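Working through the structure, step by step
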Amino acid sequence: MSQQLLRIEMPEGKWVVDIFDKSGDSGEYDLIHPKTQVKLALADEMHGFRYNLTGPEGTPFAIYLDDTVIAEGTVDKSQNLNGTGIL
């Protein structure tokens, strides 16, 4: 396992970010507003992630794992964004 830093940059709004592995999801979010970063011990295997963000329309965001951007964009007019991906 390696220690990695999960962090978000979002000037306003709220968020939850979850990283999970192939054995399943713990049911706990790894990063919850107002925390902007957390260290994680991740096994050297494939992981998935999901996020839910709320904020004013046009608010930019970027989610990083160490120095790698894993998701970025801006909040749309719905003021709620959900996304998933694979690490």
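Above: the structure in question.
Description of the structure in this document. (Residues numbered from 1 in each chain as written. Predicted model: local features only at pLDDT ≥ 70, side-chain atom pairs only at ≥ 80, totals over all residues. Heavy atoms only, no water.)

**Comments concerning the environment of Leu 5**
Applicable threshold: Helix and strand definitions follow DSSP, with helices as H or I runs of at least four residues and strands as E runs of at least two, each counted in order from the N terminus. Between buried and exposed lies partly exposed: a residue is buried under 20% and exposed over 50% of the maximum accessible area for its type, with that area taken using a 1.4 Å probe on protein chains only. Should any heavy atoms of two residues lie within 4.5 Å, those residues are counted as being in contact.
Within the secondary structure, Leu 5 is located in strand S1 (residues 2-9). Judged by its relative accessible area of 24%, Leu 5 falls in the partly exposed class. Along the backbone, Leu 5 and Tyr 64 are 59 residues apart, and their C-alpha atoms lie at a distance of 7.8 Å. Filtering out sequence-adjacent residues up to four positions away, Leu 5 remains in contact with Gln 37, Val 38, Lys 39, Tyr 64, Leu 65 and Asp 66.

**Thoughts on the side chain of Arg 7**
Cut-off, in case you're wondering: Residues adjacent in sequence count toward polar contacts only when both atoms are side-chain atoms; beyond that, a polar contact is any pair of N or O atoms within 3.5 Å, and within protein one must be able to donate a hydrogen and the other to accept it.
Relative to the helices and strands, Arg 7 is located in strand S1. Side-chain polar atoms of Arg 7 contact the side chain of Glu 9, separated by 2.7 Å. Once residues within four sequence positions are removed from consideration, Arg 7 is found in contact with Leu 31, Thr 36, Gln 37, Ala 62, Ile 63, Tyr 64 and Asp 66.

Purely spatial values, then, with no claim about function.
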